[in-house]
Structures are given as C-alpha cells and as structure tokens.
Amino acid sequence: MTAGVITIGIDPTLHVGPVSLAWHGIMIALGLLAGGLLAAQYARKRGLDPERVLSLVTVVGLAGILGARILYLLENDAGALARPADWLGSKGFAFYGALIVGAIAAAWYVHRKRLSARYVDALAAGFPLGMAIGRIGDLISGEHFGPPSNLPWAVRYTSSNAEVPSPGVAYHSGGLYEVLLALAILALIWPLRKRLQRPTMLLWTVVGLYGIGRFFMFFYRSDSPASAFGINTAQWTSLAIVATAVVGAAIARSRLVAAAPG
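Below you will find a few notes about this structure. Numbering of residues starts from 1 in every chain and runs along the sequence as written. Confidence filtering applies because this is a predicted model: local features only for residues at pLDDT of at least 70, side-chain atom pairs given and counted only at 80 or more, and all residues used for totals across whole chains, interfaces and linings. Only hydrogens and water are set aside when side-chain values are computed; all heavy atoms of the structure are taken into account.

### Quick look at empty space enclosed by the protein
Using a grid of 1 Å spacing that covers the protein atoms alone, one calls a set of points a cavity when a 1.4 Å probe fits there but cannot get out, and a pocket when the set is open and has protein on both sides within 12 Å along at least five of seven lines; lining residues are those with an atom within 4 Å of a point. Grid points are joined across faces, edges and corners, and a volume is the space filled by probe spheres set on the points. One pass over the structure, following the stated rule, counts one cavity of 30 Å³ or more. By volume, the largest cavity is sized at about 30 Å³. Around the largest cavity sit G142, E143, F145, V155, Y157, V164, Y171, H172 and S173, which together line it. A run of H or I in DSSP becomes a helix once it reaches four residues, and a run of E becomes a strand once it reaches two; helices and strands are each numbered from the N terminus. Those elements that place two or more of their residues in the lining of the largest cavity are strand 5 (155-157) and strand 6 (170-173). Taken together, the residues of the lining of the largest cavity break down into five nonpolar, three polar and one charged. In this classification, the charged set is Asp, Glu, Lys and Arg, the nonpolar set is Ala, Val, Leu, Ile, Met, Phe, Trp, Tyr, Cys and Pro, and all remaining amino acids, among them Gly, are polar.

The following block contains the structure:
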C-alpha cells in the first residue's frame, strides 16, 4: 500500500561519539547561515552594510526561537508558562510565534540602529532559502505530520524514533510541504527582487506568499487546534498575516506615491 511513497530511515538524532545532535537544530543553524549569507549578498548589491544584515539575522533568529516556544506553549499548555522548568525544550515550537516575535525584534533593531527599511527587505530576501534548509530537519524527524496517505509524495518513516504515530505508515508531511513552499517563494521573489524597489515591498510580498501557502498547507497537517468555521488556529493566523501583508504593501506604496514629485 505504501510502496510508492517517499521513505526516510534517518534517525532524528545524529550521534557523533559521545555527542548527540538533533537534525532539527542542525538544519535550523544551517538555514540561518545560508539565509543570512543570501541576505548579505542582497544587501551588498544595494549599498547596504552586510555586517548589519548578519547582526539582524542573529537577533531575529534568537527572538524567533523564543517566540516559537512561547506560542507553542500558549496553544498546547498555557499553564506551562507559569512553570519556568517547562520553558526550555528541544521539542514544541510554533513557527508563527517565530515570525511574529522575529518581526518585532527586526523592527526594534532597525529603529534602534536607525537603519533604512531596506534592511528588512534584505532579511526577507534570505528568508525563503533559510526556511527551506531549516525545515529539512522537520522532514527528517517526522514533525508536523498530517493524515495517513498513499500519495507518491507522502512520507513513510522507518526509524522508531521518528515523531509520527506509527513508523511504517506514510503520512502527509508538513516538513516536506514547508520545504517546497519556501523553495517556491524563493523561485518567485528572487527573479523579481530588482523590480520590488519600494522599501518593504519585498518583505510584504514574502510574508503574504508564505501566509497564503501556510493557509492551504494546514488542510493537510494535524498539529494545530481546531477553531471556528471549519479551519484551525494556524489558518486563522495565516489569514491575519496575509491581511497584514496587504495593508503593509498598501502603506509602502502610498508612501512612495506621496514622496514622488508632483
């Protein structure tokens, strides 16, 4: 029944002598590095300081990890916020928490350092590549799975340590869908990066595309609580983020029009 699906037999934890490293963390680190380097390249070609961009990536990355953990606890065990011992953990992160808190951190850093808004566009330029690489860790570990499936792109795990309920059964893979979504966004925005010249327009384009993609993706994931009107909490968050991107893009466009000579 599952002969035609994708099979992954990698243990979620990489053992190097006495040291054990989770593929989840390894790929997030590699994703931050790759995304940061691409963002720095984008910045360099536009006369921005690439060192500032890398510092911004570091700030946003740390803030994002914190935000992802907080949102996960709010959605799944709000009482854990009153138990400091439960704040830390290598499992249990909600990406929209990373996106929201990371965005706040980026705005704070840009304002504090009195940087141009174009720095957040540089950050957005590197985001899809960083996300595509970072989500490979989720794919390896079996996180963010959906219903069982025998479609050719469903994923079956043979490692008993995978996060799926039953090794040997193929599931819709949220990790795989995240990788594909990020690569699709990169393929769309990178050729258009020179045309999206208005400050923050690249940012809002990436954010909007990601929100749209995640809305549809969560029809095939089982890790978000059910909510109103037949869609789940993550999908409502996706709609809010898309709306924010639309408003942000409209404001960015109106500022350019207002600044243009009459």
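### Some points on the layout of surface pockets
Take a probe with the size of a water molecule and roll it over the atoms, and the empty space left behind shows itself. One number sums up the size of the second largest pocket: a volume of about 420 Å³. Taken together, 23 residues form the lining of the second largest pocket, with Y72, F93, H144, R221 and D223 sitting closest to its centre. Looking at the lining of the second largest pocket, the elements that each hand over two or more residues are helix 2 (50-76), helix 3 (95-112) and helix 8 (233-259). Considering every element that reaches the lining of the second largest pocket, the biggest residue donor is helix 2, with four residues.

### As for the environment of R69
Within the fold, R69 resides in helix 2. Residue R69 is classed as buried on the basis of its relative accessible area of 11%. Taking C-alpha positions, R69 is 21 Å from G35, a pair spaced 34 residues apart along the chain. Burial classes follow relative accessibility: with a 1.4 Å probe on protein chains only, a residue under 20% of its type's maximum area counts as buried, one over 50% as exposed, and anything between as partly exposed.

### Brief notes about the packing of helix 2 against helix 4 (residues 118-134)
As a rule, the C-alpha atoms of each element are fitted with a line to give its axis, helices using only the stretch in contact, and angles between N-to-C directions run from 0 to 180 degrees. At their nearest, the axes of helix 2 and helix 4 sit 10 Å apart, and the two run at 70° to each other. Comparing the axis directions of helix 2 and helix 4 gives the class roughly perpendicular. When you trace helix 2 past helix 4, the crossing you get is right-handed. Contacts between helix 2 and helix 4 involve R52, V53, L56, V57 and V60 on the former and, on the latter, Y119, A122 and L123. A per-class count over the contact of helix 2 with helix 4 returns seven nonpolar, no polar and one charged. Working definition: roughly parallel below 35 degrees, roughly antiparallel above 145 degrees, roughly perpendicular at 65 to 115 degrees, and oblique for all remaining angles. Should the near helix be turned anticlockwise from the far one by less than a right angle, the crossing is left-handed, and should it be turned clockwise, the crossing is right-handed. Contacts are residue-level and defined by heavy atoms, with any inter-residue pair within 4.5 Å sufficient.

### Topic: the pairing of strand 6
Any two strands with at least two DSSP bridges between them are considered paired. For strand 4 (residues 145-148) and strand 6, the ladder comprises two bridges, and the chain directions are antiparallel. Residue P148 lies in a different strand from strand 6, and its bridge partner there is Y171. The pairing of strand 5 with strand 6 spans two bridges and is classified as antiparallel. Its bridge partner lying in strand 6, V155 is registered against Y171.

### Section: the nonpolar core
Within this scheme, the nonpolar core is defined by two criteria: the residues are buried Ala, Val, Leu, Ile, Met, Phe, Trp, Tyr or Cys, and they are joined through side-chain atoms within 4.5 Å. Ranked by internal contacts, the top residues of the largest apolar core, which has 36 residues, are V53, L56 and L202. Of all elements in the fold, only helix 1 (23-44), helix 2, helix 3, helix 4, helix 6 (174-192) and helix 7 (201-217) reach the threshold of two or more residues within this core. The dominant element in this core, judged by the number of residues it contributes, is helix 4, at eight residues. In contact with L56, other than residues within four places in its own chain, are A106, Y109, V110, Y119 and L123. Counting residues in hydrophobic clusters, the runner-up holds eight residues, among them I8, L139, A162 and V164.

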